[in-house]
Amino acid sequence: MNPPSEAESLFTPRNFAAFLLVSLIWGGTWLVIRDQIASVPASWSISYRFVIAALGMFALAALRREPLLLAPGGLRWAMLLGLFQFTLNFAFVYNAESYITSGLVAVMFALLVVPNAVLGRIFLRQPITGAFVLGSAIAAIGVALLFAHEWRSSPATLGEVLLGAALTVGGILSASAANITQAMDGAKRQPFLALLAWSMAIGVAINSVFALATAGAPQFDPRPSYVLGILYLGLAGSVVTFPLYYGLVRKVGAGKAAYSSVIVPVVAMVLSTLFEGFVWGPLPIVGAAVTLVGMVVAMRGRATAPPRRATPEP
């Protein structure tokens, strides 16, 4: 067994470049999703996205000479991830963006660390600190201010804004369930890229059945922006970012890697301003600032990740 070693710094050129790339790509996915639901039912757009992502993940695993098959018992873990991460999570998110701006959905998703902490305490016995509770409460106040602005300035009714918020919460809870599932021992024993690839493939199957039942025959938009959006979400937003992000978790620790949760909504809000007409004023400025400060306090209050074990570079 290799001796334990200290976690690397986030600010080494290689790690910081990966951190910025992940944050920028994920920050841009929210706006692309908006175009994906403009002309095609959400369930079909999700299916197309993960057809590309699953094929790309299998190709990446083969390129790295990693296993393509799951270890014994792996199918149930892939089914759980396929259901929580690549079906329910994205179904909620795509439909939420029919009612509220993509930037606002992204800001709400920064609160993902809250159910992660609660479920981690229940299922993984991970501690929750007072600073984490305080930071989460501050962030929740900031999100409430942003939603007050959305209601006052948007042509959407209060009911529609609340429905968008409820759908986003559904996506957050589904993603959190997926994160906890991935952290369980049975899932951690599976080859990582193969687990993701098979989970995405199962997600495609579930989404396609749901789409057939609710939206009818497959629908597709031949516009270049729609096709490029599918490729961006499937390849850049999934195949590129997942290995980079989890590489950061392994090298610098989960807490530092999670600071992307602060950068992603900033990128998303900037893009929402440029392309969705989101209008800034005193209320949203204060709300966004309070949310991001709260997330920083919350993440700094999380338990420090244990030092990683020395591992060879892939």
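Residues numbered from 1 in each chain as written. Predicted model: local features only at pLDDT ≥ 70, side-chain atom pairs only at ≥ 80, totals over all residues. Heavy atoms only, no water.

J.: Explanation requested: helix α1 (residues 13-36) in the structure shown.
T.: Two residues of an α-helix separated by three or four positions point the same way, owing to the 3.6 residues in each turn. The first and last C-alpha atoms of α1 sit 34 Å apart over 24 residues, in line with the 34 Å expected at 1.5 Å per residue. Along its length, α1 reaches its greatest deviation from straightness, about 30°, at Trp30. (Helix = DSSP H or I, 4+ residues; strand = E, 2+ residues; numbered from the N terminus. Expected span 1.5 Å × (residues − 1). Bend = angle between axes of the 7 residues up to and from the residue.)

J.: Looking at this model, I keep getting lost on the packing of aromatic side chains. Mind explaining?
T.: By convention here, two paired aromatic rings are described through the distance between centres and the angle between planes. Scanning the model with the defined rule gives 15 aromatic pairs in all. Taken together, a centroid distance of 5.3 Å and an interplanar angle of 55° make the contact between Trp30 and Phe109 tilted. In this pair, Trp30 sits in helix α1 while Phe109 sits in helix α4 (residues 102-109), placing the two residues 79 residues apart along the sequence. A relative accessible area of 11% places Trp30 in the buried class. Relative accessible area serves as the criterion here: at 13%, Phe109 is assigned to the buried category. (Phe/Tyr/Trp six-rings, centres within 6.5 Å; stacked < 30°, edge-to-face > 60°. Buried < 20%, exposed > 50% of the residue type's maximum accessible area, 1.4 Å probe, protein only.)

J.: Looking at this structure, I do not really get the packing of helix α2 (residues 42-63) against helix α3 (residues 74-96). What am I missing?
T.: The geometry of a pair of packed helices is captured by two quantities: the angle between their axes and the separation between those axes. As a packed pair, α2 and α3 sit with axes 10 Å apart at the nearest point and diverge in direction by 130°. Our classification of the angle between α2 and α3 gives oblique. Relative to α3, α2 is oriented so that their crossing is right-handed. Contact with α2, carried on its side by Ala42, Ser45, Ile46, Arg49 and Phe50, involves Phe86, Phe90, Ala91, Tyr94 and Asn95 of α3 and no other residues of that element. When its residues are assigned to classes, the contact of α2 with α3 shows seven nonpolar, two polar and one charged. (Axes fitted to C-alpha atoms, helices over the stretch in contact; angles between N-to-C directions. Parallel < 35°, antiparallel > 145°, perpendicular 65-115°, else oblique. Left-handed = near helix turned anticlockwise from the far one by under 90°. Contact = heavy atoms within 4.5 Å. Nonpolar A, V, L, I, M, F, W, Y, C, P; charged D, E, K, R; others polar.)

J.: Please clarify how the pattern of salt bridges should be interpreted in this entry.
T.: Oppositely charged side chains may form a pair once their charged atoms are brought near each other. Applying the stated criterion across every chain, the model contains three salt bridges. The closest approach of N and O atoms between Glu276 and Arg34, which form a salt bridge, is 3.2 Å. With Glu276 in the loop between α12 (260-275) and α13 (282-300) and Arg34 in helix α1, this pair connects stretches of sequence that are 242 residues apart. Owing to a relative accessible area of 22%, Glu276 belongs among the partly exposed residues under this scheme. Linking Asp35 and Arg223 is a salt bridge whose minimum nitrogen-to-oxygen distance equals 3.3 Å. (Salt bridge = Lys/Arg side-chain N within 4 Å of Asp/Glu carboxyl O.)

J.: Hey, could you run me through the layout of surface pockets in this one?
T.: Summary: where empty space remains is shown by rolling a probe the size of a single water molecule over the atoms. Within this model, the second largest pocket holds a volume of roughly 220 Å³. Considering the residues around the second largest pocket, the lining is formed by 14 residues, among which Thr101, Glu150, Ser154, Pro155 and Glu276 are closest to the centre. If you tally residues by element for the lining of the second largest pocket, the top one is helix α6 (residues 130-153), at three residues. (1 Å grid on protein atoms, 1.4 Å probe; cavity = no way out; pocket = protein on both sides within 12 Å on 5 of 7 lines; lining within 4 Å. Points joined across faces, edges and corners; volume = space filled by probe spheres on them.)

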